[in-house]
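Residue-level structure breakdown
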Amino acid sequence: TKSELEKVKKFTDSHYASPNVKMYGIAKGRNVIVIHLESFQQFLINLKVNDQEVTPFLNSLYKSKETYAFDNFFHQVGQGKTSDAENLLETSTFGLSQGSLFATLGSDNTFEAAPAILNQRAGYTSAVFHGNVASFWNRNNVYKNMGYQYFFDASYYDTSGDKSTGYGLKDKLLFKDSIKYLENLQQPFYVKYITVTNHFPFDLDSEDTDPNFTAPDTGSTTVDNYFVTAHYLDQAVKEFFTYLDKSGLAKKSIIVLYGDHYGISNSENTALASVLGKNADDWTDFDNAQLQRVPLMFVIPGTNKGGVFNTYGGEVDVLPTLLHLLGISTKRYIMFGTDLFSKEHSQVVAFRNHDFVTPNFTSISDTVYSNKTGKTATLTAAEKKKVKADAKLVNEELSLSDSLNQKNLLRFYTPKGFTKVKASDYNYANGLK
Ligand code: GP9
Ligand code: MN
């Protein structure tokens, strides 16, 4: 009902964080190119195995002065995995506690999502490039409700034979074979590339492996292969950046790279320990939680104020951050995240299961760990109060997000100047085939 909507709106309004004037609009008018790095975890960045960097190209981006990177950025997905990450980034609301929002609500719900906002506020064209079939995660329906104008799914590429692995077209081919579509899009555009090759079980044909790269020997084939496909993904992104530079698109764009969720599950983390220089014998839930960090980088060519920011945040924070970089105000929207560059940004990062991480503490099933020691924390009275307030905030935002999405409350809310998306405006078979 309308009053339930009001409750949500009151919460997000009161948690709104105003933009950082130094960052606001620094990418104004640029194309937005989002690169979804499948199953890519932050620990890969700058990691060496057998004296070799696993992801040398992404490492070079990470170090660049043109890149605004975050090293305390966490995924917040639940069972909806990739689709939850997409929902978090496109709408700044959470996925559901059970199942995938895309699959269960995505066909009917009202969205006020990035493609529609960018189109209506700044004339952006929008498209998704993905080498899997359109129906996976119900994307063909959800994207229309989000206002995506084009969806270049598997049907737009030759995915036959060894051109694909389990989830579709290999990443190097996705980037290469989508250029002809990208070049036909009206600028400025907002586009998203969803990679797939670095996905469990991390299989790669020998023809795609780098003979100069040696995987670690951890005792777990899954973990060993993860490094091989992550290395391949790094090379694919490098090839795409070569194109962006050569074509001149790079300097007209902001490129957003992020990891959607873990690739190595908690049960396999002990096999990972040795590679990370840690002892598997005293591995804890705290260690598992710390590994839920994923990369987030905003590459803004031609700028030089980049660096690695230590601010704590999660996927829900990306949309307000991005919109502010583009000089688009967000106060009018219902968003649960806040601008990572804002001085008012909340550093309490909610996981979908109500666990949470803050700069000082990590709360897992109500056990509070000190980030400094990794051990159960002995809290002062003031700290106890703070952690309690943080837990309340986490519960509140998750339950209000659920109420918003489960009751489809956005149908009662029209932000200033917003025209509701009409799914029937889009037909993804009519792309630029
Ligand atoms: C499939 C891909 C994988 O199209 O996006 O989704 P995931 O299994 O990671 O949720
Ligand atoms: Mn995924």
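Residues numbered from 1 in each chain as written. Chains lettered and ligands numbered in written order. Predicted model: local features only at pLDDT ≥ 70, side-chain atom pairs only at ≥ 80, totals over all residues. Heavy atoms only, no water.

**What about the UniProt feature "binding site: Mn(2+)" (unreviewed entry) in the protein?**
Under the present numbering, the feature "binding site: Mn(2+)" (unreviewed entry) in UniProt falls on Glu38, Thr82, Asp260 and His261. Spatially, the listed residues are clustered: although they cover 224 residues, their C-alpha atoms lie within 7.8 Å of one another. Within the secondary structure, Glu38 sits in the loop between strand 1 (31–37) and strand 2 (48–49). Not counting residues within four places of it along the chain, the set of residues in contact with Glu38 comprises Thr82, Thr195, Val196, Asn198, His199, Leu233, Asp260 and His261. Examined against the element boundaries, Asp260 turns out to sit in the loop between strand 10 (253–259) and helix 10 (269–273). A relative accessible area of 0% places Asp260 in the buried class. For Asp260, the residues in contact, after removing those within four places along its chain, are His36, Leu37, Glu38, Ser39, Phe40, His75, Val77, Thr82, Ala85 and Glu315. (UniProt positions renumbered as here; feature names shortened; annotations may be inferred. Helix = DSSP H or I, 4+ residues; strand = E, 2+ residues; numbered from the N terminus. Contact = heavy atoms within 4.5 Å. Buried < 20%, exposed > 50% of the residue type's maximum accessible area, 1.4 Å probe, protein only.)

**Things to note about the site of ligand 1**
Every residue lining ligand 1 is accounted for by Glu38, Lys81, Thr82, His130, Asn132, Phe136, Trp137, Arg139, Tyr167, His199 and His261. A distance of 2.8 Å separates an oxygen atom of ligand 1 from a polar atom in the side chain of Arg139. Contacts to ligand 1 include His199, whose side-chain N or O atom sits 2.7 Å from an oxygen atom. Protein chains bury 95% of the 310 Å² of accessible surface belonging to ligand 1 in isolation. Of the residues assigned to the shell around ligand 1, the class counts are three nonpolar, five polar and three charged. (Near = heavy atom within 4 Å. Polar contact = N/O pair within 3.5 Å; in protein donor to acceptor, adjacent residues only side chain to side chain. Areas by Shrake-Rupley, 256 points an atom, 1.4 Å probe, with all protein chains shown as cover. Nonpolar A, V, L, I, M, F, W, Y, C, P; charged D, E, K, R; others polar.)

**Re the coordination of the manganese ion (ligand 2)**
Ligation of the manganese ion (ligand 2) by protein atoms is provided by Glu38 (OE), Glu38 (OE), Thr82 (OG1), Asp260 (OD) and His261 (NE2), these donors lying 2.0 to 2.6 Å from the ion. Of note is the manganese ion (ligand 2), whose six donor atoms meet at the metal with angles of 54 to 167° in an arrangement that counts as irregular. Mapped onto the sequence, the donors of the manganese ion (ligand 2) take the spacing E-x43-T-x177-D-H. With a gap of 178 residues between them, Thr82 in helix 3 (residues 81–91) and Asp260 in the loop between strand 10 and helix 10 connect regions that are remote in the sequence. Asp260 shares its class with Thr82; the two are buried. (Donors = N, O, S within 2.8 Å, 3.2 Å for Na, K, Ca; no water. Tetrahedral: all angles 85-135°; square planar, octahedral: opposite > 155°, others 65-115°.)

**Focus: the environment of Phe213**
Looking at where Phe213 falls in the secondary structure, it is placed in the loop between strand 9 (189–194) and helix 9 (221–247). Relative accessible area serves as the criterion here: at 10%, Phe213 is assigned to the buried category. C-alpha of Phe213 to C-alpha of Gln52: the two residues are 161 residues apart in sequence and 7.4 Å apart in space. Those residues within four positions of Phe213 in sequence are excluded, and the remaining contacts are Val49, Gln52, Glu53, Val54, Phe227, Val228 and His231.

**A word on the sheet that holds strand 11 (residues 296–299)**
Within the open sheet, the eight strands sit side by side as 6-5-9-1-10-11-4-12. Their pairing is mixed. Across the chains shown, the open sheet's two edge strands, defined by having one partner strand only, are strand 6 (150–152) and strand 12 (307–314). Looking at each pair of strands side by side, their axes are set apart by 15° on average, direction ignored. Two strands pair when backbone bridges link them, and strand 1 and strand 9 are joined in this way by five bridges, in the parallel orientation. Each bridged residue has a counterpart across the sheet, and for Ile35 the counterpart in strand 9 is Tyr193. Helix 12 (residues 318–325) rests against strand 1, strand 4 (67–74), strand 9, strand 10, strand 11 and strand 12 of the sheet, and its axis sits at about 10° to strand 11. (Pairing = 2+ DSSP bridges. Axes fitted to C-alpha atoms, helices over the stretch in contact; angles between N-to-C directions.)

**A short note on the sheet that holds strand 15 (residues 361–364)**
Taken in spatial order, the four strands line up as 13-14-15-16 in an open sheet, and their pairing is antiparallel. What marks the edges here is a single partner per strand, and that holds for strand 13 (349–350) and strand 16 (367–370). The sheet contact formed by strand 13 and strand 14 (residues 356–357) spans two bridges and is antiparallel. Of the residues in strand 14, the one forming a bridge with Val349 is Val357.

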